[in-house]
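Now for the letters of each chain:
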Number of protein chains: 2
Amino acid sequence: MDLAFRALADPSRREIIGLLAERSRTVSELLEHFEFTQPALSKHLRLLREAGLVAVEDDGRFRRYRIVGEALGDITTWLLHYRRFWTGRLDALGGVLDREAKKGRRAR
Amino acid sequence: MDLAFRALADPSRREIIGLLAERSRTVSELLEHFEFTQPALSKHLRLLREAGLVAVEDDGRFRRYRIVGEALGDITTWLLHYRRFWTGRLDALGGVLDREAKKGRRAR
DNA sequence: TTGACGTATAACCGAAGTAGCATATACTTT
DNA sequence: AAAGTATATGCTACTTCGGTTATACGTCAA
């Protein structure tokens with residue numbers, strides 16, 4: 001989990017996750033959204049890969065990145081152990097989660 | 001959020017959160033659970049403080065630490081935007097969260 | 001008031017992370 | 001095979017991290 005938390009500690013990498021959440025993208029597509037250089041992006045992607053947060057797939061001469069949910073799930077599960085500490089938000093959160101849980105059951 | 005994610009990237013600091021989740025503790029109480037020195041612990045605690053994850057209160061000559069939920073809530077909320085990526089776990093998670101949501105409603 | 005206790009900070013260390021530039025690798029098209 | 005495009009890695013300089021020892025400071029007890 002260290003790697004996942006560390007990877008998400010950087011705003012650019014969180015933004016990458018946000019972009020990949022919309023749809024999978026190649027490196028050059030991702031690059032359009034950032035100011036920094038391509039090697040810098042590749043390094044961010046490597047960290048995200050090593051943290052298990054994203055995966056790559058060869059796509060001709062491109063490399064297509066996508067989100068891998070498991071690592072995100074791991075750390076979220078860890079965090080949810082402490083959800084009672086922000087119970088002020090439990091109303092809003094609870095609503096969302098309750099709906100989500102129902103959806104989950106329905107899908108089963 | 002950078003600081004919170006970064007603070008949680010260290011296993012010792014996550015353990016501190018776990019200990020403080022049981023109950024608030026003084027520095028020396030926390031120290032019993034670790035191998036490293038007191039200054040090392042103080043540094044971890046400083047990072048957790050700066051990330052807004054914990055707060056201190058003077059208690060005579062002791063300093064008592066406790067969890068502050070808001071920062072945990074912030075990052076968890078961020079992560080939950082991507083929960084659809086680990087829907088395989090949604091069953092187990094959904095069960096927990098559903099119960100939690102019900103408890104929230106009951107407590108209201 | 002003196003001394004022990006509890007905690008924080010400072011100074012320092014080696015290891016590891018970060019950013020920019022240059023370069024290597026790999027696939028595609030001609 | 002050559003040239004172009006897409007992506008990854010190396011290198012170097014700089015910063016940060018996690019730990020240590022030494023020390024400062026406030027509080028309590030005697």
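Procedures and definitions
- Within each chain, residue numbers correspond to sequence positions counted from 1 in written order.
- Naming scheme: in the order in which they are written, chains are lettered from A and ligands are numbered from 1.
- It should be noted that, the model being predicted, local features are given only for residues of pLDDT at least 70 and side-chain atom pairs only at 80 or more, the latter also being counted only at that level, while totals for whole chains, interfaces and linings use all residues.
- Here the side-chain values reflect all heavy atoms present in the structure, with hydrogen atoms and water set aside.
- The helix count covers DSSP runs of H or I at least four residues long, the strand count covers runs of E at least two residues long, and both are numbered beginning at the N terminus.
- Given the number of residues in a helix, its expected span is that number minus one, multiplied by 1.5 Å.
- When accessible area is computed with a 1.4 Å probe and restricted to protein chains, residues below 20% of their type maximum are described as buried, those above 50% as exposed, and intermediate ones as partly exposed.
- In these notes, residues near a molecule or strand are those with any non-hydrogen atom within 4 Å of it.
- We call two N or O atoms a polar contact when they sit within 3.5 Å, provided that within protein one can donate a hydrogen and the other can accept it, with sequence-adjacent residues counted only if both atoms are side-chain atoms.
- Asp, Glu, Lys and Arg are counted as charged, while Ala, Val, Leu, Ile, Met, Phe, Trp, Tyr, Cys and Pro are counted as nonpolar; the rest, among them Gly, fall into the polar class.
- Should DSSP find at least two bridges between two strands, the strands are regarded as paired.
- By the convention used here, residues are in contact when the closest approach between their heavy atoms is within 4.5 Å.
- Note on geometry: axes are lines fitted to C-alpha atoms, helical ones only across the stretch in contact, with angles between N-to-C directions running from 0 to 180 degrees.
- Only centres within 6.5 Å qualify two rings of Phe, Tyr or Trp (six-membered ring in Trp) as a pair; their planes then separate them into stacked at under 30 degrees, edge-to-face at over 60, and tilted for everything else.

Some thoughts on helix α5 (residues 69-80) of chain B
Stage number 1. Compared with an ideal rise of 1.5 Å per residue, which puts 12 residues at 16 Å, α5(B) spans 16 Å between its outermost C-alpha atoms and is within 8% of the ideal.
Stage number 2. Listed in full, the buried residues belonging to α5(B) are Gly69(B), Ala71(B), Leu72(B), Gly73(B), Ile75(B), Thr76(B), Trp78(B), Leu79(B) and Leu80(B).

So, the protein's contact with DNA strand C
Stage number 1. Taken together, 19 residues lie around DNA strand C, and Lys43(A), Ser28(B), Gln38(B), Ser42(B) and Tyr65(B) are the ones closest in.
Stage number 2. Sugar and phosphate atoms constitute 62% of the interface atoms of DNA strand C, taking the interface as everything within 4 Å of the protein.
Stage number 3. Contacts to DNA strand C include Gln38(B), whose side-chain N or O atom sits 2.6 Å from a base nitrogen.
Stage number 4. Broken down by element, the surface near DNA strand C gets its largest block of residues, 5 residues, from helix α4 (residues 38-50) of chain B.
Stage number 5. Residues that form the surface near DNA strand C fall into these classes: 6 nonpolar, 6 polar and 7 charged.

Regarding the protein's contact with DNA strand D
Stage number 1. Around DNA strand D, 24 residues are found, and the nearest of them are Ser28(A), Gln38(A), Thr37(B), Lys43(B) and His44(B).
Stage number 2. In this structure, Arg61(A) approaches DNA strand D through a side-chain N or O atom, which is 3.4 Å from a sugar or linking oxygen.
Stage number 3. One nitrogen or oxygen atom from the side chain of Arg13(B) is found 2.9 Å from a phosphate oxygen belonging to DNA strand D.
Stage number 4. In terms of residue class, the surface near DNA strand D is made up of 8 nonpolar, 7 polar and 9 charged.

Points about the sheet that holds strand β1 (residues 25-26) of chain B
All names here are of chain B.
Stage number 1. Across the sheet, 3 strands lie side by side as β1-β3-β2; this open sheet has antiparallel pairing. Both outer strands of the open sheet, β1 and β2 (54-59), are each paired with one neighbouring strand and no more.
Stage number 2. In terms of strand pairing, β2 meets strand β3 (residues 62-67) through 6 bridges, oriented antiparallel. Paired with Val56 across the bridge in β3 is Tyr65.
Stage number 3. Contacting β1, β2 and β3, helix α2 (residues 11-22) crosses the sheet at an angle of about 95° to β3.

Comments concerning the packing of aromatic side chains
Stage number 1. Scanning all chains against the criterion turns up 7 aromatic pairs over all chains.
Stage number 2. On the numbers, 6.0 Å between centres and 80° between planes, the contact of Phe5(A) with Trp78(A) is edge-to-face. Placement of the pair is Phe5(A) in helix α1 (residues 2-8) and Trp78(A) in helix α5 (residues 69-80), with a sequence separation of 73 residues.
Stage number 3. By relative accessible area, Trp78(A) is classed as buried at 13%.
Stage number 4. An aromatic cluster is built from Phe5(A), Trp78(A), Tyr82(A), Phe5(B), Trp78(B) and Tyr82(B), whose rings are joined through pairwise contacts.

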